[in-house]
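Spelled out from the first residue to the last, the chains are:
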Amino acid sequence: QPKFRAKQLYTAIFDRGVQEFQEITALPVAVREKLSDLARIGSLRVAKEQISRDGTVKRAYSLHDDKLIESVLMPYDDGRYTACISSQAGCAQGCIFCATGQMGFGRQLSSDEIFEQAFRFSSELKSKGERLSNVVFMGMGEPFANFENVVEAFNRIHSELGIGWRHITVSTVGIVPNIYKFADMQTQVTLAVSLHAANDDARGSLMPVNRRWGVHELLQACRHYVYKTNRRITFEWASIEGENDTEQDAKELAKLLKNLKCHVNVIPVNPTAGFDGRASVDSAKRFVNNLVEAGIPATLRVRRGIDIDGGCGQLTVKMANKIINSGALHMLSKPDVSSRMVNGHRETSSPGQKENDEAAKP
């Protein structure tokens, strides 16, 4: 074939976002058929897509081994588009308010599978004269438990998709050794830490990872990150009515974060079938105001796509349950995670210890 065929292929895939060789009409039919026989474009296949009233697009992708993952594209009124992508199929961390944590762990995603999620959205937007503005690693899975593949993926997102370093955010539940590793890289990629409680008892009841690395150890690592990078760190706070959104909770958090270069993102917790906690926007607003009055920068974030299984993992949980119930295959290994309120405190169990030990190895 003549050399210009390569340019035609590149333009169709990277600029127009085509997903099948048969869609590349610039190529002769015989070439399209031969390519279709020999190869495929990417490894992700759309299993289901939902579009919210607010314009949010949620996709469940089927992988080559039938595992399912989710990606989300969020449009904003100012013209920005943010992609939220997954780093694992499922998750072993067992955070009780998270649908992904409730579904269990499937496997690590390769760097290609991680990158392709952002690439798909980027190329599709590009074909419409728009561009992907931000990428956040806040989808399914714990990014710092798949550290090397996540780093390779965000390097490609920067170099191949042109997303600025500071427009890429990686979130972690608090895998402390890899926070130090990330800090020592001195990358300009933004770090977000899922905090959700300011003391060990409360955080341990929501996030079993806290039993491995407590709040004190986590905050030491966060301060090291700020010292090494001079970047502001973001703390994520899923507001649960009556559990972590009171005035006392705000005071405790403000004391914990005093003199730390940071910002707190508060978002009312998304409803999930396996968690009985509720969200209150009014309580979340008061919590944010209390933090700001105490000198801690904080913002109330709007929940996106709430009408389309907006919580991370919810769409995949529904699809996986249908497949499992049909007896077709086991998508994921179901975790032994339980959650209940006992004397005003939440008790949990989790399967993530082994994975965290592996992630923490040098």
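Model, not experiment: these values are computed from the prediction.

The next point concerns the packing of helix H6 (residues 176-185) against helix H8 (residues 215-229). Where H6 contacts H8, the axes come no closer than 8 Å and their chain directions differ by 5°. Here H6 lies roughly parallel to H8, going by the angle between them. Of the residues in H8, those in contact with Val176, Ile179, Tyr180, Phe182, Ala183 and Asp184 of H6 are Glu217, Leu218, Gln220, Ala221, Cys222, His224, Tyr225, Lys228 and Thr229.

Taken in spatial order, the ten strands make up an open sheet running E1-E2-E3-E4-E7-E8-E9-E10-E11-E12, and their pairing is mixed. Both edges of this open sheet fall to strand E1 (45-51) and strand E12 (298-300), since each of them pairs with a single strand only. For this sheet, the mean angle separating the axes of adjacent strands, direction not counted, is 20°. The pairing of strand E3 (residues 68-75) with strand E4 (residues 81-84) spans four bridges and is classified as antiparallel. Across the sheet, Val72 pairs through a bridge with Cys84, a residue of E4. Running at roughly 140° to strand E10 (residues 233-239), H8 makes contact with strand E9 (190-194) and E10 of the sheet.

Relative to the helices and strands, Thr172 is located in strand E8 (residues 168-172). Side chain to side chain, Thr172 and Glu142 meet in a polar contact 2.8 Å long. Polar contacts involving the side chain of Thr172 include one to the main-chain amide nitrogen of Ile175, which spans 3.3 Å. Those residues in contact with Thr172, other than ones at most four positions away along the chain, are Glu142, Phe144, Ile179, Leu191, Ala192, Val193 and Ser194.

In this section: the pairing of E3. Taking burial as the measure, the eight residues of E3 include eight buried ones, the bulk of the element. Of the two faces of E3, the one carrying Leu68, Glu70, Val72 and Met74 and the one carrying Ile69, Ser71, Leu73 and Pro75 are both buried. Judged from the six bridges that link them, strand E2 (residues 57-62) and E3 form a sheet pairing that is antiparallel. Along E3, the bridge assignment pairs Tyr61 with Ile69. Hairpin connection, E3 to E4: the antiparallel pair is bridged by five residues, and Gly79 has positive phi, about 95°.

With that settled, consider unusual backbone geometry. Phi angles above zero are rare outside glycine, and Asp66 is one such case at about 75°. Note that Asp66 resides in the loop between E2 and E3.

Glancing now at the pattern of salt bridges. Taken as a whole and assessed by the stated rule, the structure comprises 14 salt bridges. Put simply, Arg120 and Glu116 hold a salt bridge, and the shortest N to O gap is 3.1 Å. Here Glu116 and Arg120 lie together in helix H4 (residues 111-127), a separation of four residues that amounts to about one turn. The class for Arg120 is buried, based on a relative accessible area of 3%. On the basis of relative accessibility, which here comes to 8%, the residue Glu116 falls in the buried class. Between Glu247 and Lys251 there is a salt bridge; the shortest N-O distance is 3.8 Å. Residue Glu247 and its partner Lys251 are located together in helix H9 (residues 247-256), separated by four residues, close to a single helical turn. Taken together, the salt bridges that share partners define one network made up of Glu49, Arg59 and Glu124.

Cut-offs and rules
Residues numbered from 1 in each chain as written. Predicted model: local features only at pLDDT ≥ 70, side-chain atom pairs only at ≥ 80, totals over all residues. Heavy atoms only, no water. Axes fitted to C-alpha atoms, helices over the stretch in contact; angles between N-to-C directions. Helix = DSSP H or I, 4+ residues; strand = E, 2+ residues; numbered from the N terminus. Parallel < 35°, antiparallel > 145°, perpendicular 65-115°, else oblique. Contact = heavy atoms within 4.5 Å. Pairing = 2+ DSSP bridges. Polar contact = N/O pair within 3.5 Å; in protein donor to acceptor, adjacent residues only side chain to side chain. Buried < 20%, exposed > 50% of the residue type's maximum accessible area, 1.4 Å probe, protein only. Salt bridge = Lys/Arg side-chain N within 4 Å of Asp/Glu carboxyl O.

Note that all results are geometric; they support no functional claim without further evidence.
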